[in-house]
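Close look at the chain arrangement
Spelled out, the chains give:
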Amino acid sequence: MIKLSNIKVTYENKAILDGISIDFESKGIVGIIGDNGCGKTSLLNVIANEVPYTGSVQTKASIGYLRQISSYRMQDFLYDDVYSRDFYRLLSEQGISESIIFDEEHLKNLSGGEKTKLILSKILSINHDVLLLDEPTNHLDESSKKWLINYLRRFKGLAIVVSHDREFINELVDYLIEIKDHKAVKYYGDYEFYLKEKETRDKSLKDDYKRHIKDQRKIEAEIIKYNNWSNKSEKQSSRSGGMLSDAKIFGAKTRQQMRAAKLSKQAKAKVSKLEQHLDKKVEKPFESKPIKFGLMDSDLRTNELIYIESIKKGFDDLLFTGKEITISAQDKIRVCGDNGTGKSTLIKIILKSEDFIGKIKFANHLKIAYLSQDIHDLPKSKTPLAISKNFDRTKQEMFTSNLINMNFDKVSLSKKISKMSLGERMKIKLALIIIEDYNMIIFDEPTNHLDIATKEVFERVITQYKGTMLIVSHDSYVVKSINKSLTIEDKELKISN
C-alpha cells in the first residue's frame, strides 16, 4: 500500500532521514519509535507529502493524519461541514457530549485530551485507507486510551503510529520500526519483544565490530611484517654477488639475488592481498549516550505546605468542589481525573493564576516550580545557548550540561526552538525547571513528547526525589511509584493514600 524508497530528509544540510526504504503492508498496526529529534514525525510528513524530501513514495491510499495536538490552531476545532453523524457518534463514545458548542469561547477551555478527541473524531469519521497518528495518547485519559486501542484493533486498513507510550505500543502494534542514526530498523513484535531483540542485535553488532577491529590490527601487523621482509630481501639482493664478477658485468643475477627478489615479490603480493582485506569496512554501531539529570531535594521541613480549607470552581457550570485537603512536606501526589474534569485548572488555582471560591493557605517560604504541558511557552526564535545567557555562570553551566546529558549536541544547542521536535522542547523545559530555586514541584503531563529513554530516567528521578511534588500524568509507568492521589471524580475533589 505504501512503499518508501531511498528517502532522505535534511535540515540545514544535516540529514534527519538518510536512505530509508520501507514497504508497508495494506493492513495492520505499525509502531514508530526512536529518540526525540530522530525523524519520526518527519517520516509521517514524508508519507503525507508535507515536507521536502528526495527518494520516492508510492501510494494511492486515502490518508488521515492526526498531528501532535499542540500543532493545531483554534480554527481547526471550529465547526466544519465534514462533521457527520459518525463524527458525533465517535465523540459520544469518547465521553464528549454531542451538544458541544463550536465557538472560540467554549473551545478555548477544552483540555488537551478533549481537543485530541475532537480532532481524532473528525479524522476517523471519514473512511481512510491509512491512518497516520503522531503521539495520539498524549493527553488522553485511561478510558480514552482503551477506546482508541479497541477502535484501531477493528480498523481494516493500515495504521502507522508514532508513540512513546510503552503500554499502548505493547497492547496494539503488529511490528515496530525504530528510527536510529537516520535509518529505519524493523522489529516483528511488540515493545517487550523489541527490547529483547534490540539487546541481541546490538550485542551482535558490537561483537562483529570488535572482531573486525581485532582482525584489522592483525592484518596491519602482518602488512608491516611482510613489508619488512620485502625491504630486507631487496637490500640483500642489492648486496649479493660480492666483488664485481663476470656475472654482474654481463647483467646476470646470482642465485642469492634471484632468491631475494622472489621473496620480495612474494611479500609484496601478500601485502597487496592483505590491503584488500583492510579496505573492507564495518561501521561502528551507533550508541546513544546514557541520559542523566536530577532534581534538587527540598530543604523546607514545614509539615503543612498547602491547606485547602474549601474550594469551588464554577457556579452554574460546576467543575469541582472540595474541602480540608492538606499537602505536607515530601508528599508525592498524583492528580487524577478524566479529561475535562479540571486537573490543570486545579493546578492553576494552586499557582494563584485562576480565580476560585474558597480558601487556601500556603506555608511561608514556599517556592513552587511549575512544568506546564504547553510547549509553546518557550521563545521560538531563540536557541538553548541564547536562553542560557539569561542566567549567571553557574546556572548557565548547569542548564547546558543537563541538556547535553539529555543527548543535545552542539548543533542542537545552536538550533532555534521553532525548528525543534516537541520532545526536544520538553527537555529544554525540564532543564529550566532543574535550575530553578524551589522547594515544591508541580508537573503537568511532563512526559508528553519525551522519548522512552528520557521517560525511564524521569521515572527514576521522581522516585528518588525527596521533596514535595504534584504530578498530572496518564502514564502508568511514570506514576507507579506514587501512592497518594488527589482525585477529581463526580465534580468532587478528594485526597487519598
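Not measured: the values here are computed from a predicted model.

With respect to the overall build of the chain
Secondary structure assignment for the chain yields 16 helices and 18 strands. Burial statistics for the chain: of 497 residues in total, 46% are counted as buried. Long-range pairs, those at least 24 residues apart, make up 71% of the contacts in the chain between residues at least 6 apart in sequence. Looking at the chain as shown, the accessible area adds up to about 26,300 Å², and 48% of this sits on carbon and sulfur atoms.

Considerations on the sheet that holds strand S4 (residues 54–58)
The strands that make up a sheet are held in pairs by hydrogen bonds between backbone atoms, and each pair lies either parallel or antiparallel. Spatially, the three strands line up as an open sheet ordered S2-S1-S4, and their pairing is antiparallel. Looking at strand neighbours, the two that pair on one side only are strand S2 (14–24) and S4, the edges of this open sheet. When the angles between neighbouring strand axes are averaged without regard to direction, this sheet yields 20 degrees. Looking at chain direction, strand S1 (residues 2–11) and S2 are connected through eight bridges and run antiparallel. Within the sheet, the bridge partner assigned to Lys3 lies in S2 and is Asp23.

Describing the packing of helix H2 (residues 85–93) against helix H4 (residues 112–124)
Direction vectors running N to C along H2 and H4 enclose 140 degrees, while the axes themselves pass 8 Å from each other. As summarised for this structure, H2 and H4 are arranged oblique, according to the angle between their axes. The element H2 and its partner H4 pack so that their crossing is right-handed. Here Phe87, Leu90 and Leu91 of H2 come into contact with H4, specifically with Lys117, Leu118, Ser121, Lys122 and Leu124.

Quick notes on the packing of helix H12 (residues 393–405) against helix H14 (residues 422–434)
Running from amino to carboxyl end, H12 crosses H14 at an angle of 140 degrees, the nearest separation of the two axes being 9 Å. Considered as vectors, H12 and H14 are oriented oblique to each other. Considering the relative orientation of H12 and H14, their crossing is right-handed. The segment H12 lies against H14, with Met398, Phe399, Asn402 and Leu403 engaging Lys427, Ile428, Ala431, Leu432 and Ile434. Taken together, the residues of the contact of H12 with H14 sort by class into seven nonpolar, one polar and one charged.

A look at the pairing of strand S17 (residues 484–489)
Both faces of the sheet carry side chains from a regular strand, because those side chains alternate between them. Relative to S17, strand S12 (residues 332–336) is paired through four bridges, and the arrangement is parallel. Bridged to Val335 within S17 is Leu486. Where S17 folds back onto strand S18 (residues 492–496) in an antiparallel hairpin, the turn is made up of two residues, including Asp490, whose phi is positive at roughly 55 degrees.

What to know about H2
Considered for burial, the residues of H2 that qualify are Phe87, Tyr88, Leu90 and Leu91. Viewed along the axis of H2, the buried residues span an arc of 160 degrees, placing them on a single side of the element.

Description of the pattern of salt bridges
Following the criterion strictly, the structure yields 24 salt bridges and no others. Between Asp451 and Lys427 there is a salt bridge whose closest N-O contact spans 3.1 Å. Pair noted here: Asp451 is in the loop between strand S15 (440–444) and helix H15 (452–464) and Lys427 is in helix H14, with a separation of 24 residues, a long-range link. One salt bridge connects Lys494 with Glu492, and the closest N-O pair in it is separated by 4.0 Å. Linked by salt bridges that have partners in common, Arg166, Lys455, Glu456, Glu459 and Asp475 make up one network.

Some thoughts on the side chain of Asn402
Positionally, Asn402 belongs in helix H12. Excluding residues that lie within four positions of it along the chain, Asn402 makes contacts with Lys292, Phe293, Ala431 and Ile434.

So, the packing of aromatic side chains
Tallying each qualifying case throughout the model produces eight aromatic pairs. Aromatic pair Phe87 and Tyr88: ring centres 5.1 Å apart, planes at 75 degrees, arrangement edge-to-face. Overall, the relative accessible area of 19% leaves Tyr88 in the buried class. Both rings, one in Phe443 and one in Phe458, keep their centres 5.2 Å apart while their planes meet at 80 degrees; by these two values the pair is edge-to-face. Of the two residues, Phe443 sits in strand S15 while Phe458 sits in helix H15, which places them 15 residues apart along the sequence. In this structure, Phe443 and Phe458 share a single accessibility class: buried. Of note, Arg166 hangs over the ring of Tyr477, and the distance from its end group to the ring centre comes to 4.2 Å.

Considering the confidence of the model for the chain
Looking at the chain, the pLDDT average stands at 86 and 87% of residues meet or exceed 70. In this model residues 241–252 is a low-confidence stretch, pLDDT under 50, and it forms seven contacts with partners more than four residues away in sequence or in other chains.

Digging into helix H5 (residues 142–154)
Helix length check: H5, at 13 residues, gives a terminal C-alpha distance of 19 Å against a target of 18 Å (1.5 Å per residue), a fit within 8%. The set of residues buried in H5 consists of Ser144, Lys145, Trp147, Leu148, Ile149, Tyr151 and Leu152. Looking at the buried residues of H5, the elements they touch are strand S3 (28–33), H2, H4, strand S6 (130–134), strand S7 (158–162) and helix H6 (166–172).

Calculation criteria
Just so you know, the residues in each chain are numbered from 1, in the order the chain's sequence is written. Where totals are concerned, whole chains, interfaces and linings use all residues; where local detail is concerned, this predicted model gives features only for residues with pLDDT of at least 70, and gives and counts side-chain atom pairs only at 80 or more. Computation of side-chain values covers all heavy atoms of the structure but excludes hydrogens and water. Under the scheme used here, helices are H or I runs from DSSP no shorter than 4 residues and strands are E runs no shorter than 2 residues, and both carry numbers assigned from the N terminus. Three exposure classes are used, based on accessible area relative to the maximum for each residue type with a 1.4 Å probe and protein chains only: buried under 20%, partly exposed in between, and exposed over 50%. The contact criterion used throughout is that any non-hydrogen atoms of two residues lie within 4.5 Å. Here the Shrake-Rupley method, with its probe set to 1.4 Å, supplies the accessible areas, and only the displayed protein chains count as covering residues. By this definition, two strands are paired if DSSP reports at least two bridges between them. Every angle, taken between N-to-C directions, lies between 0 and 180 degrees, and every axis is a line fitted to C-alpha atoms, over only the stretch in contact when it is a helix. Under this scheme an angle from 65 to 115 degrees is roughly perpendicular, one under 35 degrees roughly parallel, and one over 145 degrees roughly antiparallel; angles in between are oblique. Whether a crossing is left-handed or right-handed is set by the direction in which the near helix is turned from the far one by less than a right angle, anticlockwise for left-handed and clockwise for right-handed. For this scheme, ten residues count as nonpolar: Ala, Val, Leu, Ile, Met, Phe, Trp, Tyr, Cys and Pro. Four count as charged, namely Asp, Glu, Lys and Arg, and the remainder, Gly too, count as polar. For this quantity, the arc is that covered by the directions from the helix axis to the C-beta atoms. Whenever a carboxyl oxygen of Asp or Glu lies within 4 Å of a side-chain nitrogen of Lys or Arg, that contact is scored as a salt bridge. Two rings belonging to Phe, Tyr or Trp (six-membered ring only in the last case) form a pair when the distance between their centres is within 6.5 Å. Interplanar angles under 30 degrees mark stacking, angles over 60 mark edge-to-face geometry, and anything in between is tilted. Distance and angle both matter: a charge sits over a ring if NZ of Lys or CZ of Arg is within 6 Å of the ring centre and within 35 degrees of the ring normal. Per-residue confidence from the predictor is reported as pLDDT, which spans 0 to 100. Residue count minus one, scaled by 1.5 Å, sets the expected span of a helix.

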